[in-house]
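Listed below are the residues making up each chain.
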Amino acid sequence: MSRRRSLEGQVAVVTGAARGVGELLARKLSARGAKIALIGLEPDELKKVSESLRTESAYWHGDVTDDDAMRRIADEVGERFGKVDVAVANAGVASGGPFTDSDAESWRRVIEVNLLGGAATARAFLPRLIASRGYFLQIASLAAITPAPMMSAYCASKSGVEAFAHCLSAEVGHKGVRVGVGYLSWTDTDMVRGADEDDVMRDLRKRLPWPANRTYPLGPSVDRLVAGIERRSRHVYGQWWLRGMQGIRGYLPPVIGTVGQREMRRFEPRLAESGTRTGLVGAGGAADEGERAARL
């Protein structure tokens with residue numbers, strides 16, 4: 001295990017920082033002495049977070065899927081703080097429901113924000129991370145390890161960001177940049193609470209085997225991410241048991257395929273009765289939809 005490095009005086013960028021994992025991660029990194037650059041779609045919320053941090057901080061209103069905007073923000077962060085030591089690609093959205101009934105725009109947006117947004121974040125900040133021999137952490141999910149019915153867009157996006165981060169690690173490691181992947185199971189955030197508002201999604205999740213059927217508290221999960229950042233870890237697990245999933249992931253698709261068929265057959269009448277829920281889930285999803293609507 002790598003030794004922990006002090007974050008005192010380092011500059012950390014966190015996307016999706018207005019709420020949930022991003023907000024608490026910013027608070028905990030600040031508590032360890034890091035200066036924080038917050039990026040997100042909710043300037044009022046970002047301002048509240050920034051003003052409450054114990055170290056120097058600033059916030060930027062920006063869409064992580066906009067390459068030009070992210071390059072501009074990276075330049076402004078560099079001018080404000082002089083360097084970037086850590087960048088965390090945390091911004092993410094989710095939608096749920098059967099793929100055949102899904103809203104094409106929402107499905108595509110999950111891929112854009114989660115996968116292309118992570119790539120745009122890396123593209124914007126890598127020059128400064130190379131200069132500082134820094135660390136890039138891409139937040140993935142249990143969804144990168146195991147497929148799940150009713151979550152095709154989210155699983156595809158998180159599998160994609162995991163593969164992207166592993167490719168990037170091989171490309172920039174010789175330049176002194178460490179790249180890590182952060183894995184989280186169901187964690188108590190607005191996104192998960194938003195998904196649970198759908199009765200079928202909530203009940204399907206309850207039928208998952210332990211320990212994947214639990215919702216985990218946010219604080220300990222983010223503590224593990226902070227420890228991974230301090231160690232510049234290649235893999236960071238927000239819940240202890242996720243590390244063990246890596247060894248069996250190759251066996252999971254056929255098992256999920258078989259069990260998933262049974263569960264979808266069981267829930268099909270309820271899906272037909274309740275109809276398909278469209279759109280992104282949670283407050284973060286609402287912020288993303290509002291941002292796009294404002295541009296029209």
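Above: the structure in question.
Residues numbered from 1 in each chain as written. Predicted model: local features only at pLDDT ≥ 70, side-chain atom pairs only at ≥ 80, totals over all residues. Heavy atoms only, no water.

Visitor: Any chance you could explain the overall build of the protein chain here in plain terms?
Guide: The helix and strand tally for the protein chain stands at 11 helices and 7 strands. Taken over the C-alpha trace, the protein chain has a radius of gyration of 19 Å; the compact-globule value for 296 residues is 19 Å, and the two agree within 12%. Along the first, second and third principal axes, the C-alpha atoms of the protein chain reach 60 × 45 × 30 Å. Relative to its 296 residues, the protein chain shows a buried fraction of 53%. Contacts in the protein chain between residues at least 24 apart in sequence constitute 71% of all its contacts with a sequence separation of at least 6. Surface summary for the protein chain: the accessible area is close to 13,400 Å², and the carbon and sulfur share equals 52%. A distance of 9 Å separates the average location of the 42 positive side-chain charges in the protein chain from that of its 36 negative side-chain charges. (Helix = DSSP H or I, 4+ residues; strand = E, 2+ residues; numbered from the N terminus. Rg over C-alpha atoms; globule rule 2.2 N^0.38 Å. Buried < 20%, exposed > 50% of the residue type's maximum accessible area, 1.4 Å probe, protein only. Contact = heavy atoms within 4.5 Å. Areas by Shrake-Rupley, 256 points an atom, 1.4 Å probe, with all protein chains shown as cover. Lys, Arg positive; Asp, Glu negative; His and termini not counted. Charge placed at Lys NZ, Arg CZ, Asp CG, Glu CD.)

Visitor: Before we go on, may I ask you to explain the packing of aromatic side chains in this structure?
Guide: For the structure on display, the rule yields 3 aromatic pairs. Judged by centre distance (6.1 Å) and plane angle (40°), the ring pair of Tyr216 and Trp241 falls under tilted. Pair noted here: Tyr216 is in the loop between helix H7 (199-206) and helix H8 (218-231) and Trp241 is in the loop between strand S7 (235-237) and helix H9 (242-245), with a separation of 25 residues, a long-range link. For the pair Tyr216 and Trp241, one class covers both residues: buried. If you follow Arg80 out to its NZ or CZ, it ends over the ring of Phe81, 5.4 Å from the centre. (Phe/Tyr/Trp six-rings, centres within 6.5 Å; stacked < 30°, edge-to-face > 60°. Lys NZ or Arg CZ within 6 Å of the ring centre and 35° of its normal.)

Visitor: Just to check I follow, could you spell out the environment of Ile39 for this structure?
Guide: By the element assignment, Ile39 lies in strand S2 (residues 35-40). Classification of Ile39 by relative accessible area gives buried; the value is 0%. For the pair Ile39 and Tyr154, spaced 115 residues apart in sequence, the C-alpha separation works out to 21 Å. Residues in contact with Ile39, not counting those within four places in the same chain, are Val13, Val14, Thr15, Gly16, Ala17, Leu46, Trp60, Gly62, Met70, Ile73 and Phe125.

Visitor: Would you mind going over the packing of H7 against helix H10 (residues 252-274) with me for this structure?
Guide: Between two packed helices, both the angle of their axes relative to each other and the distance between the axes serve to describe the pair. Running from N to C, H7 and H10 point in directions that differ by 165°, and their axes come no closer than 10 Å. With respect to H10, the element H7 is oriented roughly antiparallel. H7 and H10 meet at a crossing whose hand is right-handed. Contacts between H7 and H10 pair Asp199, Val200, Asp203 and Leu204 from the former with Glu263, Met264, Phe267, Arg270, Leu271 and Ser274 from the latter. (Axes fitted to C-alpha atoms, helices over the stretch in contact; angles between N-to-C directions. Parallel < 35°, antiparallel > 145°, perpendicular 65-115°, else oblique. Left-handed = near helix turned anticlockwise from the far one by under 90°.)

Visitor: Could you clarify how one ought to interpret the pairing of strand S6 (residues 178-183) in this entry?
Guide: The side chains of a regular strand alternate between both faces of the sheet. Of all 6 residues in S6, 5 are buried, a share of seventy percent or more. The sheet contact formed by strand S5 (residues 135-139) and S6 spans 5 bridges and is parallel. Across the sheet, Gln138 pairs through a bridge with Val181, a residue of S6. Where S6 and S7 come together, 3 bridges link them in parallel fashion. Within S7, the position partnered with Val181 by the bridge is His235. (Pairing = 2+ DSSP bridges.)

Visitor: Is there a simple way to think about the nonpolar core in this case?
Guide: If you look at soluble globular proteins, the nonpolar side chains tend to sit buried side by side. The biggest cluster of nonpolar side chains holds 62 residues, and the ones touching the most others in it are Val13, Trp60, Met70, Val77, Phe125, Phe136 and Tyr183. Per-element accounting of this core gives the leading share, 8 residues, to helix H4 (residues 104-132). Non-local contacts of Phe125, meaning those with residues more than four positions away in its chain, are made with Val13, Ile39, Met70, Ile73, Ala74, Val77, Val84 and Ala87. (Core = buried A, V, L, I, M, F, W, Y, C linked by side-chain atoms within 4.5 Å.)

Visitor: Would you take a moment to explain the sheet that holds S6 for this structure?
Guide: Backbone hydrogen bonds hold the strands of a sheet together, and the pairing may be parallel or antiparallel. Pairing within the open sheet is parallel, and its 7 strands lie in the order S3-S2-S1-S4-S5-S6-S7. Lying at the two open borders of the sheet, with one neighbouring strand each, are strand S3 (57-61) and S7. Within the sheet, the average angular offset between the axes of one strand and its neighbour, ignoring direction, is 15°. Where S2 meets S3, 5 bridges bridge the pair, whose relative direction is parallel. The partner of Leu38 across the bridge, within S3, is Tyr59.

Visitor: Could you clarify how one ought to interpret the state of the cysteines in this entry?
Guide: Every disulfide links exactly two cysteines, by a covalent bond between their sulfur atoms. All chains considered together, the criterion is met by 0 disulfides. With no disulfide of its own, Cys155 has Cys167 as its nearest cysteine by sulfur position, at a separation of 19 Å. (Disulfide = S-S within 2.5 Å.)

Visitor: What should I look at first to understand the pattern of salt bridges in this one?
Guide: Side chains that differ in sign of charge can pair as their charged atoms come close. One pass over the structure, following the stated rule, counts 31 salt bridges. Within this structure, Asp63, Glu105, Arg109, Glu112, Asp288, Glu291, Arg292 and Arg295 form a network of salt bridges that share partners. (Salt bridge = Lys/Arg side-chain N within 4 Å of Asp/Glu carboxyl O.)

Visitor: Please clarify how unusual backbone geometry should be interpreted in this entry.
Guide: What you tend to see is this: most non-glycine residues have negative phi, and most peptide bonds are trans. In the segment running from Trp210 into Pro211, the intervening peptide bond is cis, with an omega of 5°. Examined against the element boundaries, Pro211 turns out to sit in the loop between H7 and H8. Phi is positive for Arg133, which is not a glycine, with a value near 55°. The exposure class of Arg133 is exposed, given its relative accessible area of 53%. With a phi close to 55°, Arg232 is a non-glycine residue in the positive phi region. Note that Arg232 resides in the loop between H8 and S7.

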